[in-house]
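Below, each chain spelled out in residue letters.
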Amino acid sequence: MIDLVVGRGELTDVAWQRIAPLLPGVDGRGRPWRDHRQVINGVLWRLRTGAPWRDLPERYGPWQTVYERFARWEADGTWARLLQEVQVHDDSVGAVEWTVSVDSTVSRTHQHAAGARKKGAAAQDELEDPARAAARQALGRSRGGLTTKVHLACDDRGLPLAVVVTPGNVNDSTVFHAVMDEVRVPRTGAGRPRRRPDAVIADKAYSSRAIRQALRRRGVRAVIPERAHQQANRLRRGPAGGRPPAFDRDLYKARNVVERCFNRLKQFRATATRLDKLATRYKAGIHLATLILWLREPVQDPLPDKT
């Protein structure tokens, strides 16, 4: 008997109306799609509960269909494209706040997420270094076991603009430029995509001369506190140490938005704990969770052009 009880956390009518026109109409193999909304709700159920795919309730259809749709749309970039389309719409009405906060969080890796099968390895690479294979799947070993680190850039509303996943033992500052390169919101009309925020807020882990210089070259205001040892070295050198970097204490108080963003993302248990063997699948789940956060944010339609 099919369970007809509507689960919590599924797409609302408003959210469905926003993304329905953006979904692919045909599957490319001549077969009709199963209802998109039913399948997406099935993916959301698994993402929210962290349960195995085989435990999917019957109301979402066969679990194989739901998993295959999730995997295919990860491979062809559909999840990332849906997120980008929603970001484009919000930016077109001026809803995106371009004071960007950057930070990272560590997610523990479930034991079933390790040991992804190698595909397409070169003949001379059959005995690939396990450390290299783990790094390719964003798995890092630390004292607590295998972990994956999620690097995030979010706007002033706490909505993610860019997501990068790395092994959990990777230093935050080394991924900063990759995160900023992921910030890209196309325009609805002519013009280049917007890639430059007004300001970047980050904690002391990102306090380095290279990061400050890179932001300065792009005309981006850096709101990053100076580390204690950096300040001591500068004072020790006297006038040769130069002036302290500019730091807006009031604006830095808004850094908590990225922490609150992580808290909202980790309400999805398959995001808080990595359950997927492939890093691309785990990142696709984060994209879907991020999409839901954007859809939950109320946005007005653009005002008509009076000209």
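Summarised in this report is the structure supplied together with it. (Residues numbered from 1 in each chain as written. Predicted model: local features only at pLDDT ≥ 70, side-chain atom pairs only at ≥ 80, totals over all residues. Heavy atoms only, no water.)

## Concerning the overall build of the chain
Each helix and strand counted, the chain has 12 helices and 7 strands in total. When each of the 307 residues of the chain is scored for burial, the buried share is 44%. Considering only intrachain contacts with a sequence separation of at least 6, the fraction spanning at least 24 residues in the chain is 67%. Working note: accessible area of the chain is about 17,100 Å², and carbon and sulfur atoms make up 50% of it. (Helix = DSSP H or I, 4+ residues; strand = E, 2+ residues; numbered from the N terminus. Buried < 20%, exposed > 50% of the residue type's maximum accessible area, 1.4 Å probe, protein only. Contact = heavy atoms within 4.5 Å. Areas by Shrake-Rupley, 256 points an atom, 1.4 Å probe, with all protein chains shown as cover.)

## A closer look at the pairing of strand S4 (residues 160-167)
Where a strand is regular, its side chains alternate between the two sheet faces. Counting buried positions over the 8 residues of S4 gives 8, a clear majority of the element. Counted along the chain from strand S3 (residues 145-154) to the antiparallel partner S4, the turn is 5 residues long, and its residue Gly158 has a positive phi close to 85 degrees. (Pairing = 2+ DSSP bridges.)

## Concerning helix H10 (residues 256-265)
When H10 is considered as a whole, its buried residues turn out to be Val257, Val258, Cys261, Phe262 and Leu265. Projected onto a plane normal to the axis of H10, the buried residues spread over an arc of 145 degrees and lie on a single side. Close packing links the buried residues of H10 with strand S1 (99-109), S3, S4, helix H11 (269-272) and helix H12 (279-296). (Arc of directions from axis to C-beta.)

## Looking at the packing of helix H2 (residues 36-49) against helix H3 (residues 63-75)
Where H2 meets H3, the axes come as close as 9 Å, and the angle between the chain directions of the two elements is 90 degrees. With respect to their mutual orientation, H2 and H3 come out roughly perpendicular. Side by side, H2 and H3 meet where His36, Val39, Ile40, Gly42 and Val43 of the first sit next to Val66, Arg69, Phe70 and Trp73 of the second. Split into classes, the residues belonging to the contact of H2 with H3 amount to 6 nonpolar, 2 polar and 1 charged. (Axes fitted to C-alpha atoms, helices over the stretch in contact; angles between N-to-C directions. Parallel < 35°, antiparallel > 145°, perpendicular 65-115°, else oblique. Nonpolar A, V, L, I, M, F, W, Y, C, P; charged D, E, K, R; others polar.)

## A word on unusual backbone geometry
Excluding glycine, residues mostly have negative phi values, and the peptide bonds linking residues are mostly trans. Here the phi dihedral of Ala138 falls at roughly 60 degrees; this positive angle occurs in a residue that is not glycine. Tracing the sequence through the fold places Ala138 in the loop between helix H5 (130-136) and strand S2 (140-142). With relative accessibility at 3%, the residue Ala138 sits in the buried group.

## A look at the pairing of S3
Where burial is concerned, most of S3 is hidden: 10 out of the 10 residues are buried. Sheet analysis places S2 next to S3, joined by 3 bridges and oriented antiparallel. Residue Ser142 lies in a different strand from S3, and its bridge partner there is Gly145. Here S2 folds back onto S3 in antiparallel fashion, the turn holding 2 residues. Where S3 meets S4, 7 bridges bridge the pair, whose relative direction is antiparallel. If you follow Thr148 over to S4, its bridge partner there is Pro167.

## Examining the pattern of salt bridges
Following the criterion strictly, the structure yields 15 salt bridges and no others. Linking Glu74 and Arg281 is a salt bridge whose minimum nitrogen-to-oxygen distance equals 2.8 Å. One end of the pair, Glu74, is in helix H3; the other, Arg281, is in helix H12, and 207 residues separate them in sequence. With respect to burial, Glu74 and Arg281 carry one shared label: buried. The salt bridge involving Asp198 is made with Arg194; its shortest N-O contact spans 3.0 Å. (Salt bridge = Lys/Arg side-chain N within 4 Å of Asp/Glu carboxyl O.)

## Re the side chain of Glu74
Given the relative accessible area of 18%, Glu74 is considered buried. Among the polar contacts made by the side chain of Glu74, one reaches the side chain of Thr280 at a distance of 3.4 Å. Among the polar contacts made by the side chain of Glu74, one reaches the side chain of Arg281 at a distance of 2.8 Å. Here Glu74 is in contact with Trp79, Thr280, Arg281 and Ala284, once residues within four sequence places are set aside. (Polar contact = N/O pair within 3.5 Å; in protein donor to acceptor, adjacent residues only side chain to side chain.)

## A look at the nonpolar core
The biggest cluster of nonpolar side chains holds 70 residues, and the ones touching the most others in it are Leu11, Ile40, Trp79, Val102, Phe176, Leu215 and Leu295. It is H12 that contributes the most residues to this core, 11 residues altogether. Those residues in contact with Val102 that lie beyond four places of it in its chain are Leu152, Ala153, Phe176, Val179, Met180, Val200, Ile201, Ala202 and Tyr206. (Core = buried A, V, L, I, M, F, W, Y, C linked by side-chain atoms within 4.5 Å.)

## Examining the packing of aromatic side chains
For the structure shown, the criterion picks out 6 aromatic pairs. Both rings, one in Phe70 and one in Trp79, keep their centres 6.2 Å apart while their planes meet at 40 degrees; by these two values the pair is tilted. Residues Phe70 and Trp79 agree in their burial class; the two are buried. Each ring, one from Trp73 and one from Trp79, has its centre 5.2 Å from the other, and the planes form 65 degrees; the classification is edge-to-face. (Phe/Tyr/Trp six-rings, centres within 6.5 Å; stacked < 30°, edge-to-face > 60°.)

## Comments concerning the environment of Phe70
Mapped onto the fold, Phe70 is located in helix H3. A sequence separation of 31 residues divides Phe70 from Val39, and the C-alpha atoms of the two residues are 8.6 Å apart. Among all residues touching Phe70, those that are not within four sequence positions of it are Val43, Trp53, Trp79, Arg281, Ala284 and Gly285.

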